[in-house]
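Structural characterization, general
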Amino acid sequence: MTDDIALAARRRTRALVAMVAAVVLIVVAVVGVLVATVGRRGNPAPAPPSAITATAAQSAQQPGPTPPVALHWVTVVGAHLPAGADGPRDTSAGRARGFAHTPMGAVFAAAHISVRLSPQAGPAVFEPTLREQVVGPDANRLLAALEEEYQELRAQFGVAPGGPVGQLYSTVTGYRIGSTSPDAIEVGLLIEGPGQSGPARVALSAQMRWVDDDWALQAPHGGDWNTAVVLVSTTAGYTGFPVGG
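Procedures and definitions
- Residues numbered from 1 in each chain as written.
- Predicted model: local features only at pLDDT ≥ 70, side-chain atom pairs only at ≥ 80, totals over all residues.
- Heavy atoms only, no water.
- Salt bridge = Lys/Arg side-chain N within 4 Å of Asp/Glu carboxyl O.
- Helix = DSSP H or I, 4+ residues; strand = E, 2+ residues; numbered from the N terminus.
- Phe/Tyr/Trp six-rings, centres within 6.5 Å; stacked < 30°, edge-to-face > 60°.
- Expected span 1.5 Å × (residues − 1).
- Buried < 20%, exposed > 50% of the residue type's maximum accessible area, 1.4 Å probe, protein only.
- Polar contact = N/O pair within 3.5 Å; in protein donor to acceptor, adjacent residues only side chain to side chain.
- Core = buried A, V, L, I, M, F, W, Y, C linked by side-chain atoms within 4.5 Å.
- Contact = heavy atoms within 4.5 Å.
- Pairing = 2+ DSSP bridges.

Structural notes on the pattern of salt bridges
Using the criterion set out here, one finds 3 salt bridges in the structure. For Asp90, the salt bridge identified is with Arg97, shortest N-O distance 3.6 Å. A salt bridge links Glu132 to Arg95, with the shortest nitrogen-to-oxygen separation between them at 3.1 Å. Placement of Glu132 in helix H4 (residues 123-133) and of Arg95 in the loop between strand E5 (79-83) and helix H3 (103-116) is noted, with a sequence separation of 37 residues between them.

Digging into the packing of aromatic side chains
Taken as a whole and assessed by the stated rule, the structure comprises 5 aromatic pairs. Ring geometry for Phe126 against Tyr150: centres 6.0 Å apart, planes inclined by 65 degrees, an arrangement best described as edge-to-face. With a gap of 24 residues between them, Phe126 in helix H4 and Tyr150 in helix H5 (residues 139-157) connect regions that are remote in the sequence. Connected via pairs of aromatic rings, a cluster forms that spans Trp73, Phe108, Tyr175 and Phe241.

A look at H3
Spanning 14 residues, H3 covers 20 Å between terminal C-alpha atoms, matching the ideal 20 Å at 1.5 Å per step. H3 sits mainly inside the fold: 13 of its 14 residues count as buried.

Regarding the environment of Arg201
Tracing the backbone through its elements, the reader meets Arg201 in strand E10 (residues 198-211). Separated by 30 residues in sequence, Arg201 and Thr171 place their C-alpha atoms 9.7 Å apart. Polar contacts involving the side chain of Arg201 include one to the main-chain carbonyl oxygen of Ser233, which spans 3.4 Å.

Looking at unusual backbone geometry
Of note, the amide linkage connecting Gly87 to Pro88 takes the cis form, showing an omega dihedral of 0 degrees. Relative to the helices and strands, Pro88 is located in the loop between E5 and H3. For Asp212, which is not glycine, the phi dihedral falls at a positive 55 degrees. Tracing the backbone shows Asp212 in the loop between E10 and strand E11 (214-218). A relative accessible area of 72% places Asp212 in the exposed class.

Observations regarding the nonpolar core
Val107, Leu117, Val187, Leu189, Met208, Trp215 and Phe241 are the most contacted members of the largest nonpolar core, which totals 51 residues. The greatest single-element share of this core, amounting to 9 residues, is contributed by H3. The residues touching Leu117, leaving out its near neighbours within four places in the chain, are Phe126, Thr129, Leu130, Val134, Leu142, Leu146, Leu217 and Trp225.

Here's the deal with H5
Between its terminal C-alpha atoms H5 stretches 27 Å, which fits the 27 Å expected from 19 residues at 1.5 Å a residue. Among the residues of H5, those classed as buried are Ala139, Leu142, Leu146, Tyr150, Glu152, Leu153 and Phe157. Of the residues one or two after H5, Gly158 is the one with positive phi, at around 70 degrees.

As for the pairing of strand E4 (residues 72-76)
Sheet analysis places E4 next to E5, joined by 5 bridges and oriented antiparallel. Within E5, the residue paired with Thr75 across the bridge is His80.

So, the pairing of E11
Within E11, 4 of the 5 residues are buried, leaving the element largely enclosed by the surrounding structure. Sheet topology note: the strand E6 (residues 134-135)/E11 ladder contains 2 bridges and is parallel. Within the sheet, the bridge partner assigned to Val134 lies in E11 and is Leu217. Sheet topology places E10 next to E11; 4 bridges connect them, and they run antiparallel. Residue Trp210 lies in a different strand from E11, and its bridge partner there is Trp215. Turn length for the E10-E11 hairpin, with the two strands adjacent in sequence and antiparallel, is 2 residues, and the turn residue Asp212 shows positive phi of about 55 degrees.

See the structure below:
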């Protein structure tokens, strides 16, 4: 019964997305918190971090390595992501591969891989990303969820089969490092986007694994991002990325 309630709540959220532009919709369901950063195509995405990132840097509590000064910002289906010498080195065909075997490489990999595991990226991107860069017993469930959400969004936007749909109005503004080992790192990402009454902020927890000389993301429990995302009200505990870039 609770799964049915959560599914119904998510579907009501996606229907509202078709009418509201550049909005982060927060839906509290029985199974947890889901933040959808989807908007109508054609609306501008927020600029890369400026004052928001500065605030994050000031209130962070030494959670991870200092971010590289030489990083730059890229936009993937509307989402602003940091990149640099730690990766990605290969962004051909809409993909993101080639991350350094370092904590910052794991952070960049978490940001770039997770965005490409969104229905907005389209199956030409999320399907090979999932096959080649996602590990764990729930990978197939995650793929099934992505395909279902993609078909629903494609119908709403009137997009031809196979094409990208919608945009993500979000920016990865900070990060933290949890438990680590040579081949496994727990990464926390601080993600912000425009809300109805000001910026909305969520934390995404990603388990990264070093597989075949690159970082891979472990599929969230049950293939459901609800289990890895929480709404947060503070940037404390996160290192903010440098302003500008």
